[in-house]
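# Summary of the model geometry
One letter stands for each residue in the lines below.
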Amino acid sequence: MDLDSLRADLENLRRGALERIAAASEPAQIDQLSVDLLGKKGELTLVLRGIGGLPAEQRPKVGAIANEVRQAIEGALAERGGELRTGALGRRLQAESVDVTTPGRPIPRGSRHPIIETMAEIAEVFGQFGFVVYESPEVEDDLTNFQMLNIPPDHPARDLWDTMYVDIPEHLLRTHTSPGQIRVMHAERPPIRALLPGRCFRYEATDASHASEFFQVEGLMVDEGTSLADLRGLLDQFAHAMFGADKRTRFRPGYYPFTEPSVAFDVECLICGGRRCPACSHTGWMTILGAGMVHPVVLQYGGIDPERYQGFAFGMGAERIANLRHGVGDLRLYLENDLRFLEQFP
Ligand code: DAH
């Protein structure tokens, strides 16, 4: 190896390197070239291996040229690398740019189920009269669902409720929210003003007007001097708030084992206004709930002295109220979870 050929090799290396650097089109290629040309096992190192074969006095000369070549390559790498990186950044900024003037994508909002919504409205109306919402279990015992409500095991009124039993002896799925009355009486002292919305279950063949699962809203008031007139006044307010202040209402005699006297509460037909039509079975009236004065025996089961306190109670089907308010005619719609139905209740 002599000085001239080493010099020529270095020159070739420089020229070739600069050409390759100029031809690079991606920042990653610059990184690779940097390793290939200047790395520990790179091309420059390879050429400089020949330096050992030179006489000692020539080595500094070659060293100087090698340094120059290294600097030239480093400079070219830095420059081209810079160009490519700004180009790449520019392209990336372009590609990833956000058009802040584009209208946002709408976030679909859910809505409350019409039955839940109806029960919330019912609770709001009674809330204005001081009624507080309570919860009571869906799996109930026979004692609370029936016996303490004055419905003994052999009472014919049990035929009214086709009961679904559970695996626990003496337990069942509550057939109505009325057992909540007992639970509230056990938990509170009078004066009591309780509202008990909740899911109920009966063994039913499903059709437009029967479902094996449905919702009721129960009410209970217990205080000294509570009367049927108080009940009537309260229910009037309720009917006017839910169906319109101009609607006429009436009490009819009814029968429930846990109230005495018992009544059915009617509102004038919301379809014909009382002129009699098929919707009200040509009576001019629609029954919206059952109610009455709490039977003294039931107060006693609740641990309340019937000599001192009186109470009234009422119970309504949430689906019936929702049907009347929204003109829905089929209970099954509430359970199918068809969005085309549910989305109509924003
Ligand atoms: N529990 C009754 C039913 O399921 C509804 C009812 C009627 C509740 C009269 C009451 C009431 O509290 O006083 O049909």
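Since the structure is predicted, the reported quantities are computational estimates derived from the model, not experimental observations.

Bringing the site of the ligand into the picture now. Around the ligand lies a shell of 16 residues, among which His176, Ser178, Arg202, Gln216 and Glu218 are the nearest. The separation between a nitrogen atom of the ligand and a polar side-chain atom of His176 is 3.0 Å. A distance of 2.6 Å separates an oxygen atom of the ligand from a polar side-chain atom of Glu218. Here the ligand loses 92% of its free accessible area of 350 Å² to cover by the protein chains. Comparing atom positions with the cavity grids shows the ligand to sit within the largest pocket. Mapped onto the shell around the ligand, the elements with two or more residues apiece are strand E6 (213-223), strand E9 (285-294) and strand E10 (310-317). Here the shell around the ligand is composed, by residue class, of six nonpolar, eight polar and two charged.

The next subject is the environment of Arg158. As for its placement among the helices and strands, Arg158 is situated in the loop between helix H6 (142-145) and strand E3 (164-165). Judged by relative accessible area, which is 14%, Arg158 ranks as buried. C-alpha of Arg158 to C-alpha of Asp266: the two residues are 108 residues apart in sequence and 24 Å apart in space. Contacts of Arg158, omitting those with residues within four sequence positions, involve Asp142, Phe146, Gln147, Ile151, Pro152 and Pro153.

A few words on the packing of aromatic side chains. Going through the model one piece at a time under the given rule, you end up with eight aromatic pairs. With a centroid separation of 4.8 Å and 25° between ring planes, the pair formed by Phe126 and Phe238 is classed as stacked. Here Phe238 lies in helix H8 (residues 228-243) and Phe126 lies in helix H5 (residues 114-127), a separation of 112 residues in the sequence. Plain terms: the ring middles of Phe341 and Phe345 are 5.1 Å apart, the flat faces sit at 65° to each other, and that makes the pair edge-to-face. For the pair Phe341 and Phe345, one class covers both residues: buried. The residue whose ring lies beneath Arg232 is Phe251, and the NZ or CZ to ring-centre distance is 5.3 Å.

Before going further, it helps to examine the packing of H5 against H8. Interhelical geometry of H5 versus H8 gives an angle of 135° and a closest axis separation of 10 Å. As judged from the angle between their axes, H5 and H8 are oblique. Seen from above, H5 lies across H8 with right-handed handedness. Here Thr118, Glu121, Ile122, Val125 and Phe126 of H5 lie close against H8, whose contacting residues are Leu234, Leu235, Phe238, Ala241 and Met242.

When the terminal C-alpha atoms of H5 are compared, their 19 Å separation across 14 residues agrees well with the 20 Å that a helix rising 1.5 Å per residue should span. Taken together, the buried positions of H5 are occupied by Pro114, Ile115, Thr118, Met119, Ile122, Ala123, Val125 and Phe126.

Judged by pairing direction, the sheet is mixed, and its seven strands sit side by side in the order E1-E5-E6-E10-E9-E8-E7 without closing on themselves. Only two strands of the sheet have a single neighbouring strand rather than two, namely strand E1 (132-133) and strand E7 (249-254). Bridging between E9 and E10 involves four bridges; their strand directions are antiparallel. Paired with Gly292 across the strands is Ala313, a residue of E10. Sheet strands touched by helix H7 (residues 179-187): strand E5 (192-201), E6, E9 and E10. Its angle to E5, the strand with the most contacts, is close to 140°. Contacts between H8 and the sheet are confined to E7, strand E8 (259-268), E9 and E10, with E7 contributing the most and set at about 130° to the helix.

Criteria and thresholds
Residues numbered from 1 in each chain as written. Predicted model: local features only at pLDDT ≥ 70, side-chain atom pairs only at ≥ 80, totals over all residues. Heavy atoms only, no water. Near = heavy atom within 4 Å. Polar contact = N/O pair within 3.5 Å; in protein donor to acceptor, adjacent residues only side chain to side chain. Areas by Shrake-Rupley, 256 points an atom, 1.4 Å probe, with all protein chains shown as cover. 1 Å grid on protein atoms, 1.4 Å probe; cavity = no way out; pocket = protein on both sides within 12 Å on 5 of 7 lines; lining within 4 Å. Sits in = over half its atoms within 2 Å of the grid points. Helix = DSSP H or I, 4+ residues; strand = E, 2+ residues; numbered from the N terminus. Nonpolar A, V, L, I, M, F, W, Y, C, P; charged D, E, K, R; others polar. Buried < 20%, exposed > 50% of the residue type's maximum accessible area, 1.4 Å probe, protein only. Contact = heavy atoms within 4.5 Å. Phe/Tyr/Trp six-rings, centres within 6.5 Å; stacked < 30°, edge-to-face > 60°. Lys NZ or Arg CZ within 6 Å of the ring centre and 35° of its normal. Axes fitted to C-alpha atoms, helices over the stretch in contact; angles between N-to-C directions. Parallel < 35°, antiparallel > 145°, perpendicular 65-115°, else oblique. Left-handed = near helix turned anticlockwise from the far one by under 90°. Expected span 1.5 Å × (residues − 1). Pairing = 2+ DSSP bridges.

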